[in-house]
Amino acid sequence: MLDLLRPLAVFTTVAETGSFSAAANRLKLSPSVVSHHVSKLEERFGVALLYRSTRQLSLTAAGKDVLEQGRKVLEAGASARDLLQADQKEPQGLLRITAPATLEHGRFMDDVAAFLELYPKIELLLDFKDERVDIIRNSYDLAIRAGALQDSELIAQRLVDVEDVLCASPAFLKEFGVPATPQELTKYTTIGVLDMTNVLVLSHRQNPKKMAKVDLRHKVSVNSGDAALSLALRGVGIARLPRLLIETRPEGELIDLLTEWQLPKVSLQAVWPKNTGRNSLSRLFVAHIVSILRSSVT
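Residues numbered from 1 in each chain as written. Predicted model: local features only at pLDDT ≥ 70, side-chain atom pairs only at ≥ 80, totals over all residues. Heavy atoms only, no water.

Draft legend 1. Fine view of the overall build of the protein chain. Check the secondary structure of the protein chain and you find nine helices and 15 strands. Per-residue burial for the protein chain yields a buried fraction of 36% across its 298 residues. Counted over contacts in the protein chain with a minimum sequence separation of 6, partners at least 24 positions apart contribute 73%. For the protein chain, the accessible surface area stands at approximately 17500 Å², while carbon and sulfur atoms represent 51% of it. (Helix = DSSP H or I, 4+ residues; strand = E, 2+ residues; numbered from the N terminus. Buried < 20%, exposed > 50% of the residue type's maximum accessible area, 1.4 Å probe, protein only. Contact = heavy atoms within 4.5 Å. Areas by Shrake-Rupley, 256 points an atom, 1.4 Å probe, with all protein chains shown as cover.)

Draft legend 2. Summary view of the packing of aromatic side chains. A full pass over the atoms with the stated rule returns five aromatic pairs. On the numbers, 5.0 Å between centres and 80 degrees between planes, the contact of Phe115 with Phe285 is edge-to-face. Here Phe115, found in helix H5 (residues 107-118), pairs with Phe285, found in helix H9 (residues 281-296); they are 170 residues apart in sequence, far enough to count as distant. For the residue pair Phe115 and Phe285, the accessibility class agrees, reading buried in each case. Ring plane angle 40 degrees and centroid distance 4.8 Å describe the contact between Phe172 and Phe176, whose orientation is recorded as tilted. (Phe/Tyr/Trp six-rings, centres within 6.5 Å; stacked < 30°, edge-to-face > 60°.)

Draft legend 3. Region of the structure containing the pairing of strand E9 (residues 199-204). Examined bridge by bridge, E9 and strand E10 (residues 211-215) share five bridges and lie antiparallel to one another. Bridging across to E10, Val199 finds its partner in Asp215. Between E9 and E10, which pair antiparallel one after the other, the connecting turn spans six residues. Of the pairings in the sheet, the one linking E9 to strand E14 (residues 261-262) comprises two bridges and is antiparallel in character. Considered in E14, the bridge of Ser203 is made with Gln262. (Pairing = 2+ DSSP bridges.)

Draft legend 4. Structural view of the environment of Ile255. Take Ile255: it is sitting in strand E13 (residues 255-256). Separated by 82 residues in sequence, Ile255 and Leu173 have C-alpha atoms that sit 8.6 Å apart. When residues no more than four places from it in sequence are discounted, the contact partners of Ile255 are Leu166, Cys167, Ala168, Pro170 and Leu173.

Draft legend 5. How the structure looks around the sheet that holds strand E15 (residues 266-273). Spatially, E4-E3-E5-E15-E6 is the arrangement adopted by the five strands of the open sheet, whose pairing is mixed. The sheet terminates laterally at strand E4 (122-128) and strand E6 (154-162), the two strands that pair on one side only. Here the strands of the sheet are splayed against their neighbours by 20 degrees on average, with no regard to which way each runs. Direction of pairing for E6 relative to E15: antiparallel, over a ladder of eight bridges. Residue pairing for E15: Asp161 is matched across the bridge by Ser267. (Axes fitted to C-alpha atoms, helices over the stretch in contact; angles between N-to-C directions.)

Draft legend 6. Fine view of the pattern of salt bridges. Going through the model one piece at a time under the given rule, you end up with ten salt bridges. Arg240 is the partner of Asp164 in a salt bridge, and the nearest nitrogen-oxygen pair spans 3.1 Å. A residue pair is termed long-range when its members are at least 10 positions apart, and Asp164 in strand E7 (residues 164-168) and Arg240 in strand E12 (residues 238-242) qualify at 76 residues. For Asp164, a relative accessible area of 9% corresponds to the buried category. Accessibility expressed as a relative area gives 17% for Arg240, which makes it buried. (Salt bridge = Lys/Arg side-chain N within 4 Å of Asp/Glu carboxyl O.)

Draft legend 7. Looking closely at the nonpolar core. Ranked by internal contacts, the top residues of the largest apolar core, which has 21 residues, are Phe108, Ile144 and Phe285. Elements represented by at least two residues in this core include exactly strand E3 (93-99), H5, E4, strand E5 (142-146), E6, E15 and H9. The greatest single-element share of this core, amounting to five residues, is contributed by H9. Once residues within four sequence positions are removed from consideration, Phe108 is found in contact with Leu103, Leu126, Phe128, Ile144, Phe285 and Ile289. By size, the runner-up hydrophobic cluster in this structure holds 16 residues, among which are Leu173, Leu200, Val214 and Leu263. (Core = buried A, V, L, I, M, F, W, Y, C linked by side-chain atoms within 4.5 Å.)

Draft legend 8. Structural context of the sheet that holds E14. In space, the three strands of this open sheet follow the order E10-E9-E14, with antiparallel pairing throughout. The sheet is open, and its two borders are formed by E10 and E14, each paired with just one other strand.

Draft legend 9. Here's a closer look at the side chain of Ser280. Looking at the secondary structure, you find Ser280 in the loop between E15 and H9. Exposure remark for Ser280: the relative accessible area of 17% places this residue in the buried category. Polar contacts involving the side chain of Ser280 include one to the main-chain carbonyl oxygen of Gly277, which spans 2.9 Å. (Polar contact = N/O pair within 3.5 Å; in protein donor to acceptor, adjacent residues only side chain to side chain.)

Draft legend 10. Highlighting the pairing of E12. Where burial is concerned, most of E12 is hidden: five out of the five residues are buried. Of the two faces of E12, the one holding Ile238, Arg240 and Pro242 and the one holding Ala239 and Leu241 are both buried throughout. Sheet topology places E7 next to E12; four bridges connect them, and they run antiparallel. Within E12, the residue paired with Leu166 across the bridge is Arg240. Inspection of the sheet shows strand E8 (residues 190-193) paired to E12 by two bridges, in the parallel sense. The partner of Ile191 across the bridge, within E12, is Ala239.

This is how it looks when you write it as structure tokens:
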């Protein structure tokens, strides 16, 4: 099919201009190359498309039918060209993004709203889910992911390092007390998130070489940070949650625990397929997020 498109485009130009030389000028080809493409098309299907003499051309019945379809091909090509050129002048089109459910709240949504205000012709499909999806198989343009890149078919750019904290509701701490050391966490009801390790490795803020390792046996495990947050707010137990998620709640609803200790930060990354173009909506969105993050720390 692809090998027919060029000869078909050349034939259509010849028919519309009325001569091989005029078609050659429009297409910036030599007349011999133009003649070759038309002959190639005729030979392939065993029909004459043009009757030609030294002074004039005329379309055969088959040529008239082919010309009608050839015009449709050229019109489709011109439309695609115009769309691509318009995208470069003013970004437009559909951008499909998958992101962790924890980003459904707070500052990230402010950044998304600012992006849509800046580029009003862009349509956005934003799918929040904690499970990691295959963006190529599921036709996403971009994914926001926590942790290291595992798929070599994707390109990653680090956005920000996210801090996790241990926290519980005031009601829970009033009833069961406040843990004084990391090891005491094993005596409390804890809430786990599936696909996250049960082993906590903490370092002391004042002395990073001082480490603590705790293997927790969670009383309840859930499949999202949102669910863990909801249970922690209801006094079920101690949860490990991203600080950016806690910041969406009114002050005092959850209390940070073991504040002299810290958990390893997790990198939040944007990932996209390797063949994504430099003018793509994906790269535009990432550049927007990065510019906001940089301005917030300067």
